[in-house]
Amino acid sequence: MAKKKYTILGASGHIGGVVSERLLEAGHEVRVVARSTEHLKKLIQKGGIPSPAFFTDAGALSKTFENVDAVFTIIPPDMMGTDYRGFQKEVGEATTQALRNTGISHVVNLSSIGAHLPEKTGPILELYHQEKRLNQIDSLNVVHLRPAYFMENLFYMIDVMRSQGMAGSAIKADLKIPMIATQDIGTRAAELLLRLDFQGKSTMELLGERDLSMQEVTSILGRAIGKPDLPYVAFPYEGVEAAMKQMGIPVNTISMMIEMYRSYNDGFIQAEETRSNKNTTPTSIEEFSEIFAAVFSK
């Protein structure tokens, strides 16, 4: 296999880190981009080339995109920022401009389940707009990955488990939704980047190993942490809002998150594709529970 060059945005994250490692293991040149070079130490030790760039700086992004075969794009979260959606838009526009400036031919773009919807999806909405932006670049071949609810989001329940002896979130207890481990997203993105055989504009949903309810998840996680009777409570939206405010999360961000939870609970956000071998990924909640238990015990 000929050596290729890649740029990976968000390389210090759960997904971008896996993408970077897979490409480096295959012997390719990988420029790794993150908001902090400090978080790239492990990848640099493995051969990753640090490429400092503000995600909102089209000029800096253009430099790190120059002369590469493909790019992995992502709009990183900014939960504590005063204008979450504004930040998303600024990053999306800068990334799009940099891709135009450099004439990149292939992109794997991290989007989300629900990104086909033009309203009522909270923080997912700007990913809908970003897909549209990238699709307007005529020469670009792009796959928009639309993964399901991240299993890693379950880490947010750890404090409640420790302090109140229960699991809880705004999602209904018996609502079955697809859940995916982020390592599987990174692996699929890397596979696409290694092959570079996709053409035109397309989407690909990633639905995890199976659909799960929070009751099922809590039972499995509870056994993993030695609390087999751990209950799950669906918190009222008002309670979730209050908890987020205590954490210092800005009001406009809280509003978007609640909008997303409502859309999940109401069945508005759901997969477009029927589950198949193509969109099912390997890591089960039972396997992930071992990772969860290790984090819980720290």
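First things first, this report covers the structure right here in the doc.

1. Things to note about the overall build of the protein
Working step 1: Helices and strands together make up the secondary structure of the protein, namely 11 helices and 12 strands.
Working step 2: Over its C-alpha trace the protein gives a radius of gyration of 19 Å, about what one expects of a compact globule, namely 19 Å for 298 residues.
Working step 3: Counting across all 298 residues of the protein, residues that qualify as buried make up 53%.
Working step 4: Within the protein, contacts between residues at least 6 apart in sequence are counted, and of these 78% link residues at least 24 apart.
Working step 5: About 13500 Å² of surface is accessible on the protein, with carbon and sulfur atoms providing 49% of the total.

2. Topic: the layout of surface pockets
Working step 1: In this model, the second largest pocket occupies a volume close to 370 Å³.
Working step 2: Around the second largest pocket, the lining comprises 18 residues; the ones closest to its centre are Gly 13, His 14, Gly 17, Val 18 and Glu 21.
Working step 3: Taken together, the elements giving at least two residues each to the lining of the second largest pocket come down to α1 (14-25), α2 (41-45), α7 (182-195) and α11 (285-296).
Working step 4: Ranked by residue count, the leading element in the lining of the second largest pocket is α1, at 5 residues.
Working step 5: Of the residues in the lining of the second largest pocket, the class split is 7 nonpolar, 7 polar and 4 charged.

3. Re the packing of helix α8 (residues 214-224) against α11
Working step 1: Where α8 contacts α11, the two axes come as close as 9 Å, and the packing angle between them is 50°. It follows that α8 is oblique to α11 by the angle criterion. Seen from above, α8 lies across α11 with right-handed handedness. Counted together, Val 217, Ile 220, Leu 221 and Ala 224 of α8 and Ile 285, Glu 286, Ser 289, Phe 292 and Ala 293 of α11 form the full contact between these two elements.
Working step 2: Classifying every residue of the contact of α8 with α11 gives 7 nonpolar, 1 polar and 1 charged.

4. As for unusual backbone geometry
Working step 1: In this structure, Lys 120 takes a positive phi of about 60° despite not being glycine.
Working step 2: In this structure Lys 120 comes out as partly exposed when scored by relative accessible area, which is 41%.
Working step 3: Unlike most non-glycine residues, Leu 196 shows phi in positive territory, near 50°.
Working step 4: Tracing the sequence through the fold places Leu 196 in the loop between α7 and β10 (201-206).

5. Points about the pattern of salt bridges
Working step 1: For the structure shown, the criterion picks out 12 salt bridges.
Working step 2: The closest approach of N and O atoms between Glu 21 and Lys 46, which form a salt bridge, is 3.1 Å. Here Glu 21, found in helix α1, pairs with Lys 46, found in the loop between α2 and β3 (49-50); they are 25 residues apart in sequence, far enough to count as distant.
Working step 3: With a shortest N-O distance of 2.7 Å, Arg 146 and Glu 131 are connected by a salt bridge. In this pair, Arg 146 is assigned in strand β6 (residues 141-147) and Glu 131 in helix α5 (residues 125-135), connecting sequence segments 15 residues apart. Comparing Arg 146 with Glu 131, the two get one shared label, buried.

6. Considering the environment of Ser 139
Working step 1: Within the secondary structure, Ser 139 sits in the loop between α5 and β6.
Working step 2: Along the sequence, Ser 139 and Arg 100 sit 39 residues apart, while their C-alpha atoms lie 9.0 Å from each other.
Working step 3: Leaving out residues up to four positions away in the same chain, Ser 139 has contacts with Ser 105 and Lys 201.

7. Focus: the packing of aromatic side chains
Working step 1: Taken as a whole and judged by the stated rule, the model has 3 aromatic pairs.
Working step 2: The interplanar angle of 35° and the centroid separation of 5.6 Å between the aromatic rings of Phe 155 and Phe 288 together place this pair among those described as tilted. With Phe 155 in the loop between β7 (149-150) and α6 (158-164) and Phe 288 in helix α11, this residue pair connects regions lying 133 residues apart in the sequence.
Working step 3: Measuring from centroid to centroid gives 5.8 Å for Phe 155 and Phe 292, while their planes differ by 15°, and the two rings are stacked. Within this pair, whereas Phe 155 is found in the loop between β7 and α6, its partner Phe 292 is found in helix α11, the two being separated by 137 residues in sequence.
Working step 4: Among the residues examined, Phe 155 registers a relative accessible area of 21% and is labelled partly exposed.
Working step 5: Positioned over the ring face of Phe 268 is Lys 120, at 4.5 Å from the centre of the ring.

8. Things to note about the sheet that holds β7
Working step 1: If you trace the 3 strands from one edge of the open sheet to the other, you get β7-β9-β11, paired in mixed fashion. The sheet is open, and its two edges are formed by β7 and β11 (211-212), each paired on a single side.
Working step 2: In this structure, strand β9 (residues 177-180) lies alongside β11, joined through 2 bridges in antiparallel fashion. Looking across to β11, one finds that Ile 177 is bridged to Leu 212.

9. Topic: helix α3 (residues 58-65)
Working step 1: Turning to α3, its buried residues are Ala 60, Leu 61, Ser 62, Thr 64 and Phe 65.
Working step 2: The backbone nitrogen of Gly 59 lies 3.0 Å from a side-chain oxygen of the residue at the head of α3, namely Asp 57.
Working step 3: Positioned one or two residues after α3, Asn 67 has a phi angle of 60°, which is positive.

The rules behind these values
- Residues numbered from 1 in each chain as written.
- Predicted model: local features only at pLDDT ≥ 70, side-chain atom pairs only at ≥ 80, totals over all residues.
- Heavy atoms only, no water.
- Helix = DSSP H or I, 4+ residues; strand = E, 2+ residues; numbered from the N terminus.
- Rg over C-alpha atoms; globule rule 2.2 N^0.38 Å.
- Buried < 20%, exposed > 50% of the residue type's maximum accessible area, 1.4 Å probe, protein only.
- Contact = heavy atoms within 4.5 Å.
- Areas by Shrake-Rupley, 256 points an atom, 1.4 Å probe, with all protein chains shown as cover.
- 1 Å grid on protein atoms, 1.4 Å probe; cavity = no way out; pocket = protein on both sides within 12 Å on 5 of 7 lines; lining within 4 Å.
- Points joined across faces, edges and corners; volume = space filled by probe spheres on them.
- Nonpolar A, V, L, I, M, F, W, Y, C, P; charged D, E, K, R; others polar.
- Axes fitted to C-alpha atoms, helices over the stretch in contact; angles between N-to-C directions.
- Parallel < 35°, antiparallel > 145°, perpendicular 65-115°, else oblique.
- Left-handed = near helix turned anticlockwise from the far one by under 90°.
- Salt bridge = Lys/Arg side-chain N within 4 Å of Asp/Glu carboxyl O.
- Phe/Tyr/Trp six-rings, centres within 6.5 Å; stacked < 30°, edge-to-face > 60°.
- Lys NZ or Arg CZ within 6 Å of the ring centre and 35° of its normal.
- Pairing = 2+ DSSP bridges.
- Polar contact = N/O pair within 3.5 Å; in protein donor to acceptor, adjacent residues only side chain to side chain.

Limitation: the analysis is restricted to geometry and does not speak to function.
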